[in-house]
Every structure is written in structure tokens, then in C-alpha cells.
Amino acid sequence: MSAKSKVGVLISGRGSNLKSLIAACTDTNYPAEIVLVISNVAGAGGLTHASNAGIETKVISHKAYPSREAFDSAIDTALNDAGIDIVCEAGFMRIHSESFVRKWQGRIINIHPSLLPAFKGTHVHEQAIAAGVRMSGCTVHFVAAEVDSGPIIAQSAVPVLKGDTPETLAARVLEEEHKLYPLALRLAVEGRVRA
Ligand code: GRF
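Residues numbered from 1 in each chain as written. Predicted model: local features only at pLDDT ≥ 70, side-chain atom pairs only at ≥ 80, totals over all residues. Heavy atoms only, no water.

Caption draft 1: Quick look at the packing of helix α1 (residues 16–25) against helix α6 (residues 166–189). Relative orientation of the contacting elements α1 and α6 amounts to 45 degrees, with a least axis distance of 9 Å. Taken as axis vectors, α1 and α6 run oblique relative to one another. Our pair here, α1 against α6, has a crossing hand that is right-handed. Each of S16, N17, S20, L21 and A24 in α1 lies in contact with α6, whose residues at this interface are L174, E177, H178, Y181, P182 and L185. (Axes fitted to C-alpha atoms, helices over the stretch in contact; angles between N-to-C directions. Helix = DSSP H or I, 4+ residues; strand = E, 2+ residues; numbered from the N terminus. Parallel < 35°, antiparallel > 145°, perpendicular 65-115°, else oblique. Left-handed = near helix turned anticlockwise from the far one by under 90°. Contact = heavy atoms within 4.5 Å.)

Shown next, in the form of C-alpha cells:
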């Protein structure tokens, strides 16, 4: 059996997608293992999921660095030191510098709670409801310099129901995110999709 790809996960918050990736990686046939979780926020909920699973964690606060480049360079060093093959952003709330994105191009993926290219940025579910769309969903894509863009790996759709609030829609989409991210990571590490 070939060696598993080493995954680094970047988070900023509760880490429910991280949790679903951790669960997927417990399957011996899954082609990837998470070896490092980095949060830019101390006390982020996801850090607990990682340590409960025995995964190394690091807090690298963007506030400790004078520039985006300096912060990204600290992340880059931590990822390289851990021998990371592929990076998953899972609710990571910082925008990367172009040089970081270039370095990791084709080896960094992100999950976004809409059917991209619709509804980029924040307040995504509010945007979807305001636009009156009947379907929304989630997207896993390779990270490109422009936020929430880059080649799409996989998407999953859910209905937007009459009376939905941003919260009810978010919960429906999140359930799909938890299935989609492990699938998309598998496709990426097996080289079945390319940036
Ligand atoms: C998810 O909805 C993800 O798509 C977005 O941020 C949220 C993170 O949630 N990028 P969690 O921290 O994985 O629970």
C-alpha cells in the first residue's frame, strides 16, 4: 500500500469540517492522514477536536506578525516542518498572500458554503436567500489568489426552502459540507482532479 498523504488543516473556529476530515481519516483505506492543525485563533473549538484525536496543533496568530507575508511565511514554515503534502482550509478566516498561494498551488484546497462562483465572501446564506435562489450548497476548490475562486473539485446542492433563515440554510448546507470535504480531499490526493 502506498503511503498516505500528509494533510495540514488550517482553521479559525469551531472546526466541524475538521472533525469530519478527522473521522474520514480513521478509515484505514482513506488515502490521507492529518498530521498538523494550525489555528490563527487561540482557543478555537477545532483545536480540541484535533488534540482529542492526538493530532499536533499549533496556534499562529496573525496578530503577532507585521504583514500578511510574514504571517503566511510562519504558516509555510510550520507546514514544511511537518512534511505536509496538502493543505485543507476549513473555516480559516484569513486571506493568503499571493506568494503563499503560488507556493502551495495545486496543494491547497478550501471549502465554501455556496455553489461557487455564486455568493463569494461572507454572509453567504444571507446572500443566497436575498437572491431568491432555489438551490444552494457547498463547494470544495483549489485555492487561487482571488478569494473563493480556483478550480472546483466537487460540489453538493441543497434546496433553499420557503421560510429558510440564514441559520436553517447554513445547517442544511453544513451537513453536506461534512460529506463533501472528505470526498473532495480523496479526489485531490488521488490525483483524480488537478488545479
Ligand atoms: C463552513 O461553513 C465553511 O464552509 C466555511 O466556514 C465554515 C466553517 O465551519 N468556510 P467549521 O469551523 O468547519 O465548523
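Structure shown, so let's carry the discussion forward.
Caption draft 2: View of the pairing of strand β1 (residues 5–11). β1 sits mainly inside the fold: six of its seven residues count as buried. Across seven bridges, the pairing between β1 and strand β2 (residues 32–39) is parallel. Across the sheet, the residue bridging to L10 is I38, located in β2. Note on the crossover from β1 through α1 to β2: the handedness is right-handed. Relative to strand β4 (residues 86–89), β1 runs parallel, the two sharing four bridges. Across the sheet, residue L10 finds its bridge partner in β4, namely E89. (Buried < 20%, exposed > 50% of the residue type's maximum accessible area, 1.4 Å probe, protein only. Pairing = 2+ DSSP bridges. Right-handed = clockwise from strand over helix to strand, strands pointing away.)

Caption draft 3: Representation of the sheet that holds strand β6 (residues 135–142). With respect to topology, seven strands assemble into an open sheet ordered β3-β2-β1-β4-β5-β6-β7, the strand pairing being mixed. Looking along the sheet, the strands with just one partner apiece sit at the ends: β3 (56–59) and β7 (152–159). Neighbour to neighbour, the strand axes of the sheet diverge by 20 degrees on average, direction disregarded. The sheet contacts of α6 involve β1, β2, β4, β5 (108–112), β6 and β7, and relative to β7 the element is tilted by about 155 degrees.

Caption draft 4: Geometry of the nonpolar core. With 39 residues, the main nonpolar core has V9, I34, V37, I109, I153 and L185 as its most contacted residues. A total of eight residues in this core trace back to one element, the largest contributor, which is α6. Membership of the second largest hydrophobic core comes to 17 residues, among which are L10, L79, F100 and I108. (Core = buried A, V, L, I, M, F, W, Y, C linked by side-chain atoms within 4.5 Å.)

Caption draft 5: Molecular detail of the packing of aromatic side chains. Going through the model one piece at a time under the given rule, you end up with three aromatic pairs. Summarising the aromatic geometry, the rings of F100 and W104 are spaced 6.5 Å apart at their centres and angled 35 degrees between planes, so their arrangement reads as tilted. Taken together, the positions of F100 and W104, both in helix α4 (residues 98–104) and four residues apart, correspond to about one turn of that helix. Residue classification places F100 among the buried positions, given a relative accessible area of 2%. (Phe/Tyr/Trp six-rings, centres within 6.5 Å; stacked < 30°, edge-to-face > 60°.)

Caption draft 6: Looking closely at the site of the ligand. Taken together, R14, G15, S16, N17, G91, I111, H112, P113 and E177 form the complete shell of residues around the ligand. Note that an oxygen atom of the ligand is positioned 2.8 Å from one of the backbone N or O atoms of G15. At a separation of 2.5 Å, an oxygen atom of the ligand approaches a polar side-chain atom of S16. Bound to the protein, the ligand loses 84% of the 370 Å² it would expose on its own. Structurally, the ligand is housed in the largest pocket. Of all the secondary structure elements, the ones that give two or more residues to the shell around the ligand are α1 and β5. For the shell around the ligand, a count of residues per class yields two nonpolar, five polar and two charged. (Near = heavy atom within 4 Å. Polar contact = N/O pair within 3.5 Å; in protein donor to acceptor, adjacent residues only side chain to side chain. Areas by Shrake-Rupley, 256 points an atom, 1.4 Å probe, with all protein chains shown as cover. 1 Å grid on protein atoms, 1.4 Å probe; cavity = no way out; pocket = protein on both sides within 12 Å on 5 of 7 lines; lining within 4 Å. Sits in = over half its atoms within 2 Å of the grid points. Nonpolar A, V, L, I, M, F, W, Y, C, P; charged D, E, K, R; others polar.)

Caption draft 7: How the structure looks around the packing of α1 against helix α2 (residues 45–52). At a minimum axis separation of 8 Å, α1 and α2 run at an interaxial angle of 15 degrees. Taken as axis vectors, α1 and α2 run roughly parallel relative to one another. Of the two possible hands of crossing, α1 and α2 adopt the one that is right-handed. Across the interface between the two elements, L18, K19 and I22 of α1 pack against G46, H49 and A50 of α2.

Caption draft 8: Spotlight on helix α5 (residues 124–131). Of the residues making up α5, those classed as buried are V124, H125 and A128. Burial along α5 is one-sided: seen end-on, the buried residues are contained in an arc of 95 degrees. Contacts made by the buried residues of α5 are with β5, β6 and α6. Backbone geometry just after α5 places G132 at a positive phi near 75 degrees. (Arc of directions from axis to C-beta.)

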